[in-house]
Amino acid sequence: MANYEKLKVWLLSRRDELNVRLGNIKKDVTRRANADWSEQAQERENDEVIDQLGNEARAELNLINKALDRMNHDDYGYCTACGDEIAEARLAAMPYADLCIKCAEKRDQAS
């Protein structure tokens with residue numbers, strides 16, 4: 001098994017970034033509504049975008065936490081579907097990948 005220390009550092013850093021982003025989103029969503037009706041309408045449109053950004057951040061955070069958990073259990077770098085090693089180039093491009101390229105392509109074709 002390869003040394004994944006650089007990827008672990010990146011995952012931890014990215015996790016911290018996402019937690020800060022989610023904290024900022026939470027602050028933004030809980031702000032007081034503007035008294036002006038036209039401003040409130042614009043704020044509601046913005047809230048939809050902010051909600052989507054929050055959903056994407058939470059989804060990525062979930063993937064990162066799963067990857068870190070696999071690292072802690074020495075399962076990182078192995079496909080969760082077939083058990084083969086995941087190519088280092090794939091992990092470098094997507095550090096939280098849990099499927100080898102073959103299994104990822106099979107999953108995508110089935111969708």
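> Please explain unusual backbone geometry as it appears in this structure.
Most of the time, phi is negative for any residue but glycine, and the peptide bond is trans. With a phi angle near 55°, D74 is a residue other than glycine that sits in the positive phi range. Mapping D74 onto the fold places it in the loop between helix 2 (37-72) and helix 3 (88-93).

> How should I be thinking about the nonpolar core in this particular structure?
Soluble globular proteins tend to pack their nonpolar side chains together in the buried interior. Counting 21 residues, the largest nonpolar core has L11, M71, Y76 and L91 as the members making the most contacts within it. Mapped by element, the contributors of at least two residues to this core are helix 1 (5-29), helix 2 and helix 4 (101-110). Ranked by residues supplied to this core, first place goes to helix 2 with six residues. L91 has contacts with Y4, L7, Y76, G77, I86 and A97, leaving out every residue within four places of it along the chain.

> For this particular structure, what's the right way to read the environment of D98?
Among the structural elements, D98 can be located in the loop between helix 3 and helix 4. For D98 and T80, which are 18 residues apart along the polypeptide, the C-alpha to C-alpha distance reads 5.8 Å. The contact partners of D98, leaving out residues within four places of it in the chain, are R70, Y78, C79, T80 and I86.

> Looking at this model, I keep getting lost on the pattern of salt bridges. Mind explaining?
Should the charged atoms of two oppositely charged side chains come close, the side chains can pair. Tallying each qualifying case throughout the model produces three salt bridges. The partner of R14 in a salt bridge is E60, with the nearest N and O atoms 2.8 Å apart. With R14 in helix 1 and E60 in helix 2, this pair connects stretches of sequence that are 46 residues apart. Comparing R14 with E60 shows no difference in burial state: the two are buried. Among the salt bridges present, the one from R107 reaches D108, with a minimum N-O distance of 3.1 Å. Through salt bridges with shared partners, a single network forms among R14, E17 and E60.

Rules used in this analysis
- Residues numbered from 1 in each chain as written.
- Predicted model: local features only at pLDDT ≥ 70, side-chain atom pairs only at ≥ 80, totals over all residues.
- Heavy atoms only, no water.
- Helix = DSSP H or I, 4+ residues; strand = E, 2+ residues; numbered from the N terminus.
- Core = buried A, V, L, I, M, F, W, Y, C linked by side-chain atoms within 4.5 Å.
- Buried < 20%, exposed > 50% of the residue type's maximum accessible area, 1.4 Å probe, protein only.
- Contact = heavy atoms within 4.5 Å.
- Salt bridge = Lys/Arg side-chain N within 4 Å of Asp/Glu carboxyl O.

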